[in-house]
Amino acid sequence: MSIPDGHGQTAVVDVSEGFWLSSSDFIWSNGISEFDVDALGAIGFPRDWPSAYSKSVPLKSLIGKRGLLPARRVAVVGLPTADQLSKLPDMCKSSTCVPLHSFHNAERISKMAGLEIVRGWAIYERLDQPVGSVFVAERYWWNSLPGSSSTNSTWIDLSPRPTFWPQLLLIEEVEPKIKERKILPKKDAQLMSRLIAQRFPEYKARLPELPALDTKISGPANKVSVTVENEPGTQEIQTAKKQSGYVAGNERNGKTKTSQTSLDYSKFDHIEDSDDEKIVLKQAVTLPMGLPREAVSRQEYDNVWRALLQDKQLPFTPAPDLDEMWGYYKFGGMDEQALLDQACEVLGKFPCRLDPKEWKGKTYSLTRKLEMESREDEARMWSILAILRFPDADAFYNQGVLLNKMCDKVKFGGASTVKLPALETSQAKMVSTEQYCSLFSRAAISYYRRSLKVDPKQRPAYINLIGSLERNEPPNWYDDVHELAIAAVKNGIWYTKWQRPPHFVPTLPAKPFHNSQDFPLSRALEENFSVIKAEYEAYRQKLANRKDWDDSDTTPGLGDVGNRPGALHDGGLRKSGKWQEVPLFTNCTIQREYTDLFPETTRILQTQCSDATGLAFCGGGDVIFSVLTPGTRLRPHCGPSNARLTCHLAIRVPRSCEQGCYIRVGSESRRGWEEGKCLVFDDSFEHEVFFSEPRSDEAYPGDRVVLLANFWHPNFGFKNDPDWRQKSDEMMATVDVETLPQTALMKSG
């Protein structure tokens, strides 16, 4: 019996490549070492579920915590519901998944809809054996619809299953093993043939399709028509339109097949880079090179960018706003004309007319210019051209920077919805800010990964990739961060996976926590605790007594951390709850509207804590009252520089460490705060903060408040020097370490 490949066509032994089920993909609870394919014909959904999970020793030996396949999560998954299918792009609904190819099906759905792949096992019971006595696990992949966390996301399985299996018991493996693509071996073909006969006796694989014929229909004499390879996407096969120059190239028996499917980019919540070979269709595109603007139609302009962005060298790339780009092109100057002409040259595979170094320099200048003008989409297109011309690490990195910038602009812009462009402009739509940021951040992550694949020593890519993972928390992000940090250590970027600041001075001694009594600053703060606390309590009392109708009361309130210019670095750190501040010395200046309310605290800081105020005036840190409400969690992250340390003078501490109010730094044990005492740590080490929610039977505990003061590392040699960054870390001299986790564009050379 013939078996299908991942696309549903007849697989050929020793020729077809893909994911194939093999005997190693089945594990038996009773320890059968000799594979018995006939026994698989008598398996089904476990009887007596869910009580079997606690009653059956064989089942627990298979998927229990100490079993052969310890499960991260277990769930019963039925056929996809109408509501679940409504959340998928039309492409997924019309796409045919293939029996026995859960691996390929899950990857395919992930690429089309951006859904996370869940790697694990399907659990069956031998129905011809006594109840609860023999179980078998089959390696199996499926997808996950987005949820607020990995534990409450909804699993969806689109792989075909026999009619007598309306439900599957699926487990997510704690440490999934890698499933390799390979050429189909005879042994696996025989196994899959038996399984097809058992589960889908009437299924027939399609014969391989004939290759598409390349056709070219020339446009006007002053236009160039070329055939380019495009990945199926926003417009798989178009009806030939001579006037637009976008010509279908998939003809058979004299008839042209057309399809009007479009990618719904709003569904791409989990984008991952992949080196798998992509299916490509050949299409002819007329390239409007060197033409006056009035001779270029909007359709021709859009077709160039559609074709360019489907290049298989690129990771997934969100569509630019073609409406906006077209407006700049029609009413712009030579730079806008150059962008279109260069895109045409790349698509037409014309040789570069400049020396590579000169071309890169000019391209970088134009990219940077457009970025400074907040025309990020056009800047991104120059970056794409650089990737397709000279795919070095900087080119991939720059695309990631621009995607991150667009994500952050929307994230901190305050709007709840934003326009999400599409290559088919009619498909553009308004989506939530969360959806938009999820799409762009994951696309940026893919480009940073590709940059590191090209150059594993690309330090800015490590910084931005880790920062993006920390602030967006995609699946398995924490393990990914540490794997990246270990790779960075091996490549000489940092010394330990726990300490990974963007600005790094390798000669400074480092440890997570310091003795507060070793520093005059912390001793001075402790000695003056009662004065500082009294001023803070008076300030809060003044806020509590303020009347909304009293315009004469101009007392500034607490600000949300991340809203203040220069503090966007911290804006993405809050996972839950509320993190507020009373800024005293920030943004290279003293904040008079606040310090006037804290005269004694300000005097103490200026006279006895010059290492903190000096650092703040040099743009390397802050002095603020940091306020956390119950239920607040700050994500694991590293501070921007190891040229500083951080001191917390505890003002209000409503809970102890054991009660769920603590900070973790590096691999050290958690520590709480003690009112009137300083806690000094090196925030260039990974750290996170927890302040748990109150119990239902507990009175509201109040805020946790500390006076936070960043101050110069005692061994740093350029204290209070305005050029301290450049002199201590030349490579990262252009990075504003108090802004977003984002470095500047890299100039390739």
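Residues numbered from 1 in each chain as written. Predicted model: local features only at pLDDT ≥ 70, side-chain atom pairs only at ≥ 80, totals over all residues. Heavy atoms only, no water.

*Asks:* Please give an account of the overall build of the protein chain that cites residues and values.
*Replies:* Helix and strand counts for the protein chain stand at 22 helices and 28 strands. In the protein chain, once contacts between residues fewer than 6 apart in sequence are set aside, the share between residues at least 24 apart is 75%. When the accessible surface of the protein chain is summed, it comes to about 32,500 Å², and 50% of that surface belongs to carbon and sulfur atoms. (Helix = DSSP H or I, 4+ residues; strand = E, 2+ residues; numbered from the N terminus. Contact = heavy atoms within 4.5 Å. Areas by Shrake-Rupley, 256 points an atom, 1.4 Å probe, with all protein chains shown as cover.)

*Asks:* Which residues make up the sheet that holds strand 25 (residues 661-665), and what are the values?
*Replies:* Spatially, 19-23-27-25 is the arrangement adopted by the four strands of the open sheet, whose pairing is antiparallel. Here the strands that pair on one side only, and so sit at the sheet edges, are strand 19 (574-576) and strand 25. For this sheet, the mean inter-axis angle between neighbouring strands, taken without regard to orientation, is 20°. Note that strand 23 (residues 632-637) and strand 27 (residues 687-691) share four bridges and pair antiparallel. Along strand 27, the bridge assignment pairs Arg 633 with Phe 690. (Pairing = 2+ DSSP bridges. Axes fitted to C-alpha atoms, helices over the stretch in contact; angles between N-to-C directions.)

*Asks:* Quick one: what's the story with unusual backbone geometry, residue by residue and with numbers?
*Replies:* Looking along the chain, the bond that leaves Trp 49 and enters Pro 50 is cis, with omega of 10°. Although it is not a glycine, Asp 48 sits at a positive phi angle of roughly 60°. Along the chain, Asp 48 turns up in the loop between strand 3 (43-44) and helix 1 (51-55). Backbone geometry places Asn 720, a non-glycine residue, at a positive phi of 60°. Given the relative accessible area of 42%, Asn 720 is considered partly exposed. (Buried < 20%, exposed > 50% of the residue type's maximum accessible area, 1.4 Å probe, protein only.)

*Asks:* An account of the nonpolar core is needed here, citing residue identities and associated values.
*Replies:* Counting 70 residues, the largest nonpolar core has Trp 305 and Ile 384 as its most contacted members. Tallying contributions element by element places helix 13 (residues 433-454) first for this core, with ten residues. Not counting residues within four places of it along the chain, the set of residues in contact with Ile 384 comprises Leu 308, Leu 309, Leu 314, Thr 317, Gln 399 and Tyr 447. In terms of nonpolar packing, the next biggest core, distinct from the first, is built from 36 residues, Val 37, Ala 75, Val 118 and Leu 195 among them. (Core = buried A, V, L, I, M, F, W, Y, C linked by side-chain atoms within 4.5 Å.)

*Asks:* Now, about the environment of Glu 138: what can you tell me, with residues and values included?
*Replies:* Within the secondary structure layout, Glu 138 lies in strand 6 (residues 135-145). Under the relative-accessibility criterion, Glu 138 is labelled buried at 3%. On a C-alpha basis, the gap between Glu 138 and Leu 40 in space is 10.0 Å, while along the polypeptide they are 98 residues apart. Not counting the four nearest positions on each side in its chain, Glu 138 is found in contact with Leu 21, Asp 25, Phe 26, Gly 120, Trp 121, Ala 122, Tyr 124 and Arg 199.

*Asks:* Which residues make up the pairing of strand 22 (residues 623-628), and what are the values?
*Replies:* It is a general feature of regular strands that their side chains alternate between the two faces of the sheet. By the criterion of burial, strand 22 is predominantly enclosed, with six of the six residues buried. Across the two faces of strand 22 the burial is the same, with Val 623, Phe 625 and Val 627 and Ile 624, Ser 626 and Leu 628 all buried. As paired elements, strand 20 (residues 579-586) and strand 22 share six bridges and run antiparallel to each other. Within strand 22, the position partnered with Glu 581 by the bridge is Ser 626. Where strand 22 lies against strand 28 (residues 704-712), six bridges are found, and the strand directions are antiparallel. Among the inter-strand pairings, Ser 626 is bridged to a residue of strand 28, identified as Val 706.

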